[in-house]
Each structure stands twice: as structure tokens, then as C-alpha cells.
Amino acid sequence: MPDDLKTLPEGGRVNETRLAEALSERYLAYAMSTIVSRSLPDVRDGLKPVHRRLLWAMHQLKLDPAGGFKKCARVVGDVIGKFHPHGDASVYEALVRLAQDFAARYPLVEGQGNFGNIDGDNAAAMRYTESKLTEVAKALLEGIEEDSVDFRPTYDGEEREPVVLPAAFPNLLANGANGIAVGMATSIPPHNAGELCAAALELVRNPAATTADLVRHVPGPDFPTGGVLVESPEAILNAYETGRGGFRLRAKWEVEPLKNGTWQVVVTEIPYQVAKSRLIEQIAELLEQKKLPLLADVRDESTDVVRVVLEPKTRAVDPAMLMETLFRATPLESRIPLNMNVLAADRTPRVMGLKEVLRHWLDHREVVLVRRSQHRLAAIERRLEILDGYLAVYLNLDEVIRIVREEDHPKEALIRTFSLTEVQAEAVLNMRLRALRKLEEMEIRREHKKLTAEGKTLQRLLSSEAARWKRIGEELEATREKFGSGALGDRRTVQAQAPAAALVDESAFVEREPITVILSEKGWLRAQKGHLPPEAELRFKEGDSLQLSLHAETTDRIVFMASNGRAYTIKADALPRGRGDGQPVRLMVDLGNEDEIIAAFVHKEGLRFLLASKAGRGFIARAEDLLAEKRTGKNVLTVEPPDRLFVVTDVEGDSVAVIGDNRKLLVFPLEQVPEMSRGRGVTLQGYKDGGLSDVKVFRRADGLTWQLGGRTRTETALSGWVGNRAGAGKMPPNGFPKSNSFDG
């Protein structure tokens, strides 16, 4: 017996497997199940399994658009009992989303009762709400009983469910999809069905059409909540070509004039998937924190129509500037991601572009057309066989009656006498007496003629690819006419030019006065009024002392550089004022306990800084590239612990002097250091042991200066230390500080 197979006393056996192998095997199975059976939609019908099972269960319950409603609890019970072995809460949430007209661009379920609202309130319990299918869902299911798609056994083997729906409606792009699987995700915004059908028709007429040709029909997403799409055409085209990208969506607003020259802004549409109540709360919080200097008040006057009122501080405020501050600080502007990661017909997850998605849907429609045609042709052939039998016996009804009355085995006798098939003989024997009248013979001949013609049409369709695509084009036209106009089909999201990167001058509303920014060794940050002299006495907590101070004005932005290589920006007017201890800088920006501020400066256009890590790598960064809007900061110099950002120095000169812990000095031209916006940088000086001690940028003609005690020394004869970047360097001149620092 192998070593890894052991017999238990009870007769069972244990297989010994390495933990890593067992975990990877099981996790892979779980990941595949999540990807294929839960999170990613099928490219053909745009549905995940739970949505497909919901529609199929409602179809079986005959909850058609023209019929009545049934309790949602009944629908959910059927779904989890027959098709979906998961919790009822998740199934009901999926059903509710299909019915919400602010969540689904083309709702697949018509709800009766409380199905939630745009404020983010939840739907009522499933025992109180009712539902039925919409016309869109009916189009998705059209022809499902005609062998148009494959079926598979359900999880318990007692029922059968469709693998995919026939999908006469472009549901994947029309309603969009969102899902997070294991190692992959999908995010598809909703689009206009009429535009999608127009693009599909373009692809039918011209299979070689490019994505640019299709974008002329589909200029961008169309969200159920409207809004203004401000993405550039180039970015939209690139997103649709690659299947990855994003769309900037802004709230729709207008200026409403009031008495005496005053006015207010009214927001009538908010971005997709933004809860209105939470949006109002966020604006109110920012108002309380005085981070919206142009806004005086916000009110929600919405009914079933969105109406959010924004009052400016004064009537002198420019409405566009007011809205720009809100777009930058609140979800009134959102970025909707695009990641068209879907399951292809072979159940393989793949990121597809717009053309590929439409191509897969059209190919699916051709498969459905062929299968429905074959199904109908087979039914016609069976019916014609029976009608041929009827016509054969109608010429001699008396003989048929005699055989039925006198023969012990009338079926076999009919087959012998009239050369019938078993199916025909069975049909003749099952014929009703009323069918023996002459008028019935005329009806049979008329039906025979009609079915024969229909069968020939279907045969021509099946034998001609051009005829099939012509039929698909007619179906697309019908879908576009039905769902592409009216209250449901008209485009809701307006398109506007992508706005320029407007700089909102909020400093115009801040009183300008001089301050001194003070940061202590233990990380306490404050500002004191006026420009204090260096010798001014400053008060700190016990055991704390000054790390750095700088002169600024309340309208300035202060950039802090941290040892983790990140840059943080704090507005000077937001710094704690007074003679107190201030506030920990870690509460104002997201700075880790193991990181520390190493430099700070007032942001000014055109400034450049040399950033260097302890390991001796660095680059030149522009001041504009160090600005960060968020409290998480901006990663500039990429360092991996224990390495850290060590020196930040002004760039004014043409040469760089670097000295290491090994007391080796190297001088090289500044042009050898690249200018970058972010990265690891280049090697400034090579070290066998230790790291960087100090860096200085200077003008070669003026010589290299350093502090020695209270004196300043300048060395102009530097030829012995001049080399190329990344060199080792030589021992510094006599009299260089033992601290290995140019500041002494």
C-alpha cells in the first residue's frame, strides 16, 4: 500500500496530500465557480445566472406583461427551490434591482409596491411586493420554447433551465453589468438600445466596420438617471476599442434667478448610482468643515423628481466656478469605469471591445434563428405528413369507415390499403367525425398549401447566409422601433464637451495674511500669525522641539514630502492657528506611524526639486507634479523599506554634489539627472556600503560651499571630484564637515 494511503480502523481510508496542493486545487475550483456561475455576465444575453433564473421562473409562472402580478415571495421561492441554491435575500435583491428604473436602464421586471428609491432606501420585504415581466424581458425570452437555446439539468436534477436566453434585445450593453469575481471583475455601464441596434445594423451591413464607425451610432453610455457625459471623444473611442476605460459623468444643473438679482443653482439630475441622501450629507459635511468656500447652503426639495438647491455665498460668485468646486469635492461628478470582462459563448472570460461584444450578440442571434427555423421546419414536416394522410383517405371515406368498423386491426389495414405511415394511420384513427365533412377537406388543402410555402421559405432561409442576415436585420429594425424611442427609449444622458482643467481660485475668498508654518519633531503642525524671525522663541510640548518652519500666506498651498516618497498638500488656511500645540500632521494626511515629514515648501509654479533616497537614487521633480488633492497624498519617489526618501533640495544651478556615508564626494553635471513625475529615479552615487548622506545643487562657476561652524567655505577647484553620475567619488577636501552635510 502506498505511504500516502492509510487504512482507518472503521474501514475508511485517508489520502495524505500536501496542504499547498489541496488549497490551490480547491481555491481554483471556487474561483472558477465564482467567475462562471455567479459574477460575470454572458456576452450573448448579458445576464448572470441568478437573473436568468429569475426571468425563467417568472416565465414559467406566466407572469407575462399582459397578465397579472404575483407576490415576489412566490417568485423567489420558485427560484431558490428549483434553480438557484442560494439565499433568498440575495435573489430578492437581484429581482429588486431588475425592477428599479433608476438602477436598470431598461427594467426587466415591473414592480408593484415599494421597490426602493434614488435616496438609497431599501425595498419593502418580498411578502409585500409583487412583480411581473416587462416587454424587454419578453423580448429576451422570445422563442425559448422553440429549441432556440440549450437547456441543462438544475442543481438537483429535477428540473431543466436554459443555458442562455434567445436575447432578441441587446441586454448586456443596454442594461450594463457589475460584478467582482476572484481575480477579475466586470463593469459595464448602460447604453441606449436604439443606438445599439443601429450599431448592430451597421455591423450586419458592413462586417468590416471599425469601432470608430460603430461609435458614430453609440456615442457613449446612456444612464437611467441622466446626467451630463463630459468625456472626450478620443477617450470614449479608446475605451470602446480596448474594452477598458472610464466615463466622467456630471450632475445636470441650471441657474434659477430669484429676487433682487440673487440666484440659486438647481440640480435636476445626479450621476448614476449616487444615493441622493448620501450626496446631500456629504455636501453638508464639507460645508461644516468650511471646505466649500463658495457655497452657503444646500437643500433637498425633491419629490419624485430630483431637485437639489445650492445657495451661493454671495450673488457675485460665478455659478460655473461654484459648480466646479462641487464637482471636484463631491460625487456630483463621478467616474464610471468600463471593464467589459464577459463570458464568451465557450464560457471563457475575456475582455472585449464594443465591436466584439456586438459581433458575439449577432452571432448568437444567427444561431437562435437557425435553431428556431429548424424547429419550425420539423414541426411543419410532421404536420404535412399528417395532412397528406388526411387527403389520401378523403378520396375513399367509405372504405375507411368500413375498415374501422370491420377490421380487428384497423391501423395495419389502413397502412396496407392506403400506403400510409404509422403516424398518418394513427392520425386518421384519431380523427373526429365532424372532420369528415367536405368543408374540412378544403381547410386541410388550404393549410397544406400554406405550410408547404412556409416550409420552402424556411429551407431557403437555412440554405442562404445572406437571407439569414437580412432576416436578422429586419428583427433589429423591429427592436429599434419598439425600444429605441418614446419615454423608455429616448436618450437621457446629455453629452457635452470635456471641460478644460479649470483652476478654481478659492483663494480669492480667503483673507490673505502672512503666517509661519511650524512642524515639531514629534509631528505637531500649526500656523502662527505673521512671519516670525528664525530666533523667535517657540513653545512645544515637553520633550518636543522644532523640526522645520517656513514663511507662507493663508492663500498658499503647503507641500510636505514624507520619508515614504509621497507628497501631501495642505491648504495654509486649513492649518490650526493660534499659540496652542497645533494638530498631529497624521490626522490631516494619511501618514503611517513609521513615516515622517522630511521637508516642506510653499508651492509656486516653475519650482523644481531634486529628490533623493537613502540608497542614492533620485530624479528632478517639478512643483506641479508634487501637488496632491487627496489626503492620501501622491506617490512620487518609489522606495521600498528600509530605503526611504532622504533629501529634498531646490534645483538652482548646473551641477550636483553628492556625499555618502562612506565620506566620498562626487560632483557631476545636473543634466545627467532626468526630470520625472514619479518613479524610482536613477543612481546618483554608487556605494559599496552605507548610503547617501547629503546632496546639493550648485552653480559650478560659483564653487561648492558648505558650513563649517559659524563660517562658510567655498571650494572652486573641483576637478578632482568631477565625474559622471553613479560614480564612487573621492574623499572630500580638507575642512569638510565631519557630519558629511553641506549645512555643517
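Residues numbered from 1 in each chain as written. Predicted model: local features only at pLDDT ≥ 70, side-chain atom pairs only at ≥ 80, totals over all residues. Heavy atoms only, no water.

The protein carries the name DNA topoisomerase 4 subunit A in an unreviewed UniProt entry, which gives Roseomonas mucosa as its organism. For the record of the protein, the UniProt heading Subcellular location (unreviewed entry) holds the text "Cell membrane". Under the Function (unreviewed entry) heading, UniProt states for the protein: "Topoisomerase IV is essential for chromosome segregation. It relaxes supercoiled DNA. Performs the decatenation events required during the replication of a circular DNA molecule." (UniProt positions renumbered as here; feature names shortened; annotations may be inferred.)

Remarks on the overall build of the protein
The secondary structure content of the protein amounts to 19 helices and 36 strands. On C-alpha atoms alone, the protein measures out to a radius of gyration of 38 Å, which is more than a quarter above the 27 Å that the 2.2 N^0.38 rule sets for 744 residues. Seen along its three principal axes, the alpha-carbon backbone of the protein occupies a region of about 135 × 90 × 60 Å. Every one of the 744 residues in the protein was classed for burial, and the buried ones make up 47%. For the protein, restricting intrachain contacts to residue pairs at least 6 apart in sequence, the fraction spanning at least 24 positions comes to 67%. As presented, the protein carries roughly 37700 Å² of accessible surface, and 50% of it is formed by carbon and sulfur atoms. (Helix = DSSP H or I, 4+ residues; strand = E, 2+ residues; numbered from the N terminus. Rg over C-alpha atoms; globule rule 2.2 N^0.38 Å. Buried < 20%, exposed > 50% of the residue type's maximum accessible area, 1.4 Å probe, protein only. Contact = heavy atoms within 4.5 Å. Areas by Shrake-Rupley, 256 points an atom, 1.4 Å probe, with all protein chains shown as cover.)

Focus on the domain arrangement of the protein
Interfaces are often sized by the accessible area lost when the parts come together. Each assigned domain of the protein is listed with its residue range as follows: domain 1 (47–166), domain 2 (252–331), domain 3 (357–484), domain 4 (507–595) and domain 5 (604–743). The C-alpha-based centres of domain 2 and domain 5 are spaced at 48 Å. (Domains from an automatic or database assignment.)

Some details on the sheet that holds strand S23 (residues 557–562)
Sheet strands line up and pair through hydrogen bonds in the backbone, either parallel or antiparallel. The 4 strands lie next to each other as S26-S23-S24-S29, forming an open sheet whose pairing is antiparallel. Of all strands in the sheet, those with a lone pairing partner are strand S26 (597–602) and strand S29 (634–635), marking the two edges. Inspection of the sheet shows S23 paired to S26 by 5 bridges, in the antiparallel sense. Residue pairing for S26: Phe560 is matched across the bridge by Ala600. (Pairing = 2+ DSSP bridges.)

Comments concerning the sheet that holds strand S34 (residues 692–698)
Strand order across the open sheet formed by 3 strands is S32-S31-S34, with antiparallel pairing between neighbours. Edge strands, defined here as strands with exactly one partner in the open sheet, are strand S32 (665–669) and S34. Here the strands of the sheet are splayed against their neighbours by 20° on average, with no regard to which way each runs. As paired elements, strand S31 (residues 655–660) and S34 share 6 bridges and run antiparallel to each other. Note on S34: the bridge partner recorded for Ser655 is Phe698. (Axes fitted to C-alpha atoms, helices over the stretch in contact; angles between N-to-C directions.)

A closer look at the packing of helix H12 (residues 354–394) against helix H17 (residues 465–483)
Put simply, H12 and H17 touch, their axes get as near as 10 Å, and they point 110° apart. In terms of their interaxial angle, H12 and H17 are classed as roughly perpendicular. Contacts from Arg359, Trp361, Leu362, Asp363, Arg365, Glu366, Leu369 and Val370 of H12 reach H17 at Glu465, Arg468, Trp469, Arg471, Ile472, Glu475 and Leu476. (Parallel < 35°, antiparallel > 145°, perpendicular 65-115°, else oblique.)

Concerning the pattern of salt bridges
In total, this model carries 52 salt bridges according to the counting rule given. A salt bridge links Arg350 to Glu356, with the nearest nitrogen and oxygen atoms 2.8 Å apart. Accessibility expressed as a relative area gives 32% for Arg350, which makes it partly exposed. Residue class for Glu356 comes out partly exposed when judged on its relative accessible area of 29%. Put simply, Arg365 and Glu475 hold a salt bridge, and the shortest N to O gap is 3.1 Å. Here the residue Arg365 occupies a position in helix H12, and Glu475 occupies one in helix H17, the gap between them amounting to 110 residues. It is possible to trace a salt-bridge network through shared partners that takes in Glu256, Arg299, Glu301, Arg307 and Glu311. (Salt bridge = Lys/Arg side-chain N within 4 Å of Asp/Glu carboxyl O.)

Observations concerning the UniProt feature "site: Transition state stabilizer" (unreviewed entry) in the protein
Residues annotated in UniProt with the feature "site: Transition state stabilizer" (unreviewed entry) correspond here to Arg127. Its place among the elements puts Arg127 in the loop between strand S4 (109–112) and strand S5 (130–133). Not counting residues up to four positions away in its chain, the partners in contact with Arg127 are Lys71 and Ala73.

What to know about the packing of helix H2 (residues 49–60) against helix H4 (residues 88–99)
Any two packed helices are characterised by how steeply their axes cross, that is the angle between the axes, and by the distance between the axes. Packing of H2 against H4 brings their axes to within 10 Å, and their N-to-C directions diverge by 75°. Between H2 and H4, the interaxial angle falls into the category roughly perpendicular. Contacts between H2 and H4 involve Val50, His51 and Leu54 on the former and, on the latter, Val91, Ala94, Leu95 and Leu98. When the residues that make up the contact of H2 with H4 are grouped by side-chain class, the tally is 6 nonpolar, 1 polar and no charged. (Nonpolar A, V, L, I, M, F, W, Y, C, P; charged D, E, K, R; others polar.)

Examining the side chain of Asp643
Its location among the elements puts Asp643 in the loop between S29 and strand S30 (645–650). Comment: no salt bridge for buried Asp643; closest opposite-charge side chain is Arg644, at 6.3 Å. At 3.3 Å, the side chain of Asp643 and the backbone nitrogen of Lys614 are in polar contact. (Lys, Arg positive; Asp, Glu negative; His and termini not counted. Polar contact = N/O pair within 3.5 Å; in protein donor to acceptor, adjacent residues only side chain to side chain.)

Quick notes on the pairing of strand S21 (residues 524–529)
Here 5 bridges tie strand S20 (residues 514–520) to S21, and the two strands are oriented antiparallel to one another. Bridging from a neighbouring strand, Ile518 pairs with Arg526 of S21. Taking the residues that link successive antiparallel strands as the turn, the S20-S21 hairpin has 3 residues, and the phi of Gly523 there is positive, at about 90°. The pairing of S21 with strand S25 (residues 583–584) spans 2 bridges and is antiparallel. Looking at the pairing, Leu525 lines up with Gln583 of S25.

Some points on the pairing of strand S27 (residues 608–613)
The buried fraction of S27 is high, at 5 of 6 residues. Strand direction decides the pairing type here: S27 and strand S28 (residues 617–622), joined by 5 bridges, are antiparallel. Residue pairing in the sheet places Leu611 in a bridge with Phe619 of S28. Linking S27 to S28, which pair antiparallel, is a turn of 3 residues; within it Gly616 sits at a positive phi near 90°. Of the strand pairs in this sheet, S27 and S30 are connected by 5 bridges, and their pairing is antiparallel. Paired with Ala612 across the strands is Val647, a residue of S30.

Considering the nonpolar core
Among the nonpolar cores identified, the biggest contains 76 residues, and Leu55, Phe169, Tyr240 and Leu362 are the most heavily contacted of them. Three or more residues apiece are contributed to this core by two domains, here domain 1 (47–166) and domain 3 (357–484). What Leu362 contacts, discounting residues up to four positions off in sequence, is Ala200, Leu203, Val204, Trp469, Ile472 and Leu476. Residues Ala251, Trp263, Leu295 and Val308 belong to the second largest nonpolar core, which totals 24 residues. (Core = buried A, V, L, I, M, F, W, Y, C linked by side-chain atoms within 4.5 Å.)

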